[in-house]
Structure formats: structure tokens, C-alpha cells
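Structural overview for review
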Amino acid sequence: MDFLELMEQGGKLETSLSDVRHRIANFDEKLVKFIELCANKGGYSSAKRTYLLKEAETTADFPYLFGTVLERQLYAKYKAAVPDWRDYIKVGTQNDFRPSWILGVNGLQGVLPAVALRGEYPNDAALVDGKVQIILGKFGREFGLAWETLINDDLGAFSDIAERYATAALRSEYSYATGLYVTATGPHTQMFGAPIAHPLYTANVTNLFSGAGSVFSITNLAAACSAMRRFVDYDGQPVIFDGFELIVPPILEIPMLQALNPANIIQSGGDSSAGAKPQIRSSSNTVPMLNITGHVNPYLPIIDKTGRPSWYLFGKLTNSGYAARINFLRGHESPELCMKNPNKVALGGASMSPLEGDYESDSIRWRIRHIFGGNQVDPNYACAFIGQ
């Protein structure tokens with residue numbers, strides 16, 4: 001990414017640096033000059049650019065200028081890549097670290113009974129409620145560099161730090177989201193069962209399948225959609241699906257693409273010894289008409305240690321419910337990068353730049369923090385099929 005493009009992200013910084021920049025005179029002007037220097041927009045020779053960078057490093061504003069560049073890079077990279085798990089797992093926010101409860105109120109949605117002439121209206125239904133808890137957790141990592149590294153590498157060691165930590169944040173989310181419906185022994189027992197108790201009301205749901213019908217194929221995929229359409233809610237009414245999200249491990253990627261291809265090519269006949277050419281025709285595949293979107297999840301074989309190619313079917317989030325949810329801390333939805341303040345001062349009492357390192361070992365330490373948490377919610381909106 002061009003450094004100047006990072007300026008467009010300025011209004012979206014986290015408070016760790018955006019508050020500081022308001023206390024620095026002419027911060028935006030200084031930042032532009034620093035970014036242009038890092039990108040060598042002036043076309044300086046290597047020696048002159050090195051001299052200017054070392055000169056900039058001695059200023060009191062340098063840690064905030066450099067930190068702002070890193071934070072904007074991190075934000076831009078994080079927002080540029082949208083992981084596809086958000087297509088089938090609900091995303092929300094909560095205000096603090098106290099447990100957040102997802103409340104489910106069910107009932108009064110069944111078919112209305114007939115009322116006889118001058119008859120009383122029946123009182124034959126009730127409201128029931130259930131709740132699922134989500135607790136946020138902190139995820140992060142600290143890393144350090146020697147002061148000598150900065151001097152020797154002229155900031156080159158930092159060229160991809162933001163990108164690396166944005167990738168780490170995305171992978172952490174992806175792995176956590178996968179862990180909501182997969183464990184080392186296969187489909188998660190808190191979401192799938194034959195049957196499993198519904199967490200929001202008293203009922204059982206059978207959404208885990210094995211045997212010949214669980215082997216991935218076009219026929220079994222169609223049968224899976226049909227099985228989910230037979231699910232009923234608390235009132236005994238059908239759960240409505242306007243589409244599905246299909247999640248498979250990498251080993252099933254080609255079969256998935258074939259299953260979701262609207263046209264299949266069929267070859268029949270032909271005999272090379274007799275000079276007869278094979279007959280090739282197309283046949284309509286009706287399964288994609290069920291509004292199925294395919295996803296390949298590379299974390300499935302990493303988390304699931306059974307070696308079986310299990311696959312999963314979720315209802316689209318445009319439906320009235322969802323199978324699982326992940327919350328982020330409000331105001332901290334993106335990962336945050338910060339630097340450790342040094343524990344040393346000059347002999348004259350003046351403060352020193354964080355990029356001079358700490359007192360003990362001249363180490364410069366950075367840290368990334370990401371906050372999120374999730375839980376399973378409604379098993380009526382997902383099915384698991386244990387591959388063979």
C-alpha cells in the first residue's frame with residue numbers, strides 16, 4: 001500500500017494514538033512529511049535519506065508519527081480482508097466485559113385456532129424465554145526489537161509489521177469462529193447432536209448426521225437442504241430458510257464446486273476401436289437453485305483431528321435466526337497496536353524516545369490486542385454431516 005493512502009484512514013484511528021496527535025502542534029503536516037520521507041517521495045539518495053531518517057528519529061514526536069503510520073497500516077489491512085465466516089456467523093458488539101445475554105422469546109407464533117360463533121377466544125399458547133451467554137476475551141501478542149536493529153535496518157524491519165499483525169488478527173477470528181462449530185473430535189457437541197437439547201426452549205433438535213447419507217455429493221447436499229426445511233420452531237411451525245451457506249474442508253473443494261455448478265457435462269457412448277465418437281450433452285443441476293453459497297474453510301482439518309471430511313450447512317443470516325454469534329467490544333472492534341513507554345530518562349531529566357529502548361537492555365516492545373467472544377445460539381440453523 002502507498003503510504004499516502006494511509007492518510008485516508010486518519011479519522012478511524014483508535015484512541016491510543018488519535019488522542020495524542022491532537023496535543024502535537026501541526027501534527028498532520030508533520031505526519032505527511034514523515035510518510036513522504038518513509039516512502040522516499042523526494043527521491044533522495046540512500047545516504048541522504050538515511051541521514052534524514054536518523055534526524056527524524058531524534059525528535060520527540062517521532063514515536064507518535066511512526067506509531068500512527070503503523071496503526072493506519074494495521075487498520076487498512078484488517079478492513080481490506082473480510083473473512084467469509086461472517087457470512088454464516090452473526091457479528092455484534094457489547095459495551096463491556098460483563099457477560100452479555102442473548103435472549104430468545106418464543107411462542108404465540110403458531111397457527112391461529114378457529115373461533116366459533118359467539119365463542120370465546122382460546123388461551124392456548126404462552127411465551128417462553130431462554131438465554132445464551134457471551135463473554136468477551138482478550139487476545140494478543142507482544143514482540144520486541146533491539147535498538148541496534150533500528151539503527152542498522154533504517155526502519156526496514158518494520159516494513160510489514162502492520163500487515164503481519166492484521167493477518168494474525170484475521171486468523172485468530174477465523175480459528176475462533178470455526179471452533180464454535182468444530183472440535184478436535186468433529187462437529188461441536190454444543191451445536192450438533194442426534195438429538196441435541198435446544199438452549200433457548202425445551203425441545204430436541206436432530207442436526208447431526210452420519211453414515212452413507214453424510215458423504216458429500218449432489219444428492220446428499222439436496223437431502224441436507226430438505227432436512228433443514230423440515231425443522232420446526234417452538235410453536236411447531238416450519239423454520240423458514242431463504243438460502244444456505246455450505247462450509248467444506250479443502251479436500252471437498254472440487255466436489256463442492258461441481259455440486260454448485262448449474263450445469264453438469266455428461267459424456268455417454270463412444271467406442272474408439274469402432275470409430276464411434278462419444279456423445280456429450282449438458283444436464284441442468286437444480287441444487288444451486290436452492291440459493292447455496294459455498295465456502296472452503298482451511299481451519300476445519302486443523303481443528304478437527306479425526307481426519308474425516310465432515311461438512312456443514314448453515315442458514316443464511318438473512319433468515320430470522322442464526323446458529324452462532326461473535327461479539328466485539330464496542331469501540332474496539334479492530335485490533336489495536338501500542339508501544340511500551342521507556343523506563344529511562346536522560347541525565348538532564350529530559351524524557352527519551354520510546355524508540356531508544358528500555359533501561360535494562362535497550363529493548364523496544366510493541367503489543368497487539370484484539371477483543372472478542374462468542375457462543376452457539378440456535379441449532380435449528382445449522383447441520384453437520386460426518387464425512388466418511
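Report on the accompanying structure. (Residues numbered from 1 in each chain as written. Predicted model: local features only at pLDDT ≥ 70, side-chain atom pairs only at ≥ 80, totals over all residues. Heavy atoms only, no water.)

With twelve residues, helix H7 (residues 218–229) ought to run about 16 Å at 1.5 Å a step, and its terminal C-alpha atoms sit 17 Å apart, in line with that. Residues Asn220, Leu221, Ala224, Cys225, Ala227 and Met228 constitute the buried set of H7. Considered in projection along H7, the buried side chains sweep an arc of 160° and stay on one side of the axis. On its buried side, H7 packs onto strand S9 (208–209), strand S10 (244–248), helix H8 (253–259), strand S13 (292–296), strand S14 (311–315) and strand S18 (382–385). (Helix = DSSP H or I, 4+ residues; strand = E, 2+ residues; numbered from the N terminus. Expected span 1.5 Å × (residues − 1). Buried < 20%, exposed > 50% of the residue type's maximum accessible area, 1.4 Å probe, protein only. Arc of directions from axis to C-beta. Contact = heavy atoms within 4.5 Å.)

Inspection of the secondary structure puts Asp304 in the loop between helix H9 (300–303) and S14. We note that Asp304 is buried and unpaired, the nearest opposite charge coming from Arg308 at a distance of 5.7 Å. Within the structure, Asp304 has its side chain in polar contact with the side chain of Thr306 (distance 2.6 Å). Ignoring anything within four residues of it in the chain, the contact list for Asp304 reads Val182, Thr183, Ala184, Thr185, Gly186 and Ser310. (Lys, Arg positive; Asp, Glu negative; His and termini not counted. Salt bridge = Lys/Arg side-chain N within 4 Å of Asp/Glu carboxyl O. Polar contact = N/O pair within 3.5 Å; in protein donor to acceptor, adjacent residues only side chain to side chain.)

Bringing the environment of Pro195 into the picture now. Relative to the helices and strands, Pro195 resides in the loop between strand S6 (186–187) and strand S7 (196–197). Given the relative accessible area of 47%, Pro195 is considered partly exposed. Once the C-alpha coordinates of Pro195 and Phe209 are considered, the two residues, 14 residues apart in sequence, prove to be 9.9 Å apart.

Right, let's get into the pairing of strand S15 (residues 324–329). With six of six residues buried, S15 is to be regarded as a mostly interior element. Across the two faces of S15 the burial is the same, with Ala324, Ile326 and Phe328 and Arg325, Asn327 and Leu329 all buried. Looking at chain direction, strand S1 (residues 90–94) and S15 are connected through five bridges and run parallel. In the strand pairing of S15, Thr93 is matched with Phe328. Note that S15 and strand S17 (residues 363–376) share five bridges and pair antiparallel. Opposite Phe328, over in S17, you have Phe372 as the bridge partner. (Pairing = 2+ DSSP bridges.)

Looking now at the sheet that holds S10. Pairing is mixed across the open sheet formed by five strands, whose spatial order is S9-S18-S14-S10-S13. Strand pairing shows two members of the sheet lacking a second neighbour, S9 and S13, which therefore form its edges. With four bridges connecting them, S10 and S14 associate as antiparallel partners. Of the residues in S14, the one forming a bridge with Leu246 is Leu313.

Further remarks concern unusual backbone geometry. The step from Ala194 to Pro195 runs through a cis peptide bond, and the omega angle for that step is 5°. Residues other than glycine seldom take positive phi values, yet Asn291 does so here, at roughly 60°. Topologically, Asn291 is positioned in the loop between strand S12 (279–284) and S13.

The subject of this paragraph is the pairing of S10. The buried fraction of S10 is high, at five of five residues. The alternating pattern of S10 places Phe244, Leu246 and Val248 on one face and Glu245 and Ile247 on the opposite face, and all of these are buried. The pairing of S10 with S13 spans five bridges and is classified as parallel. Paired with Ile247 across the strands is His295, a residue of S13.

Shape is all these values report; function is a separate question.
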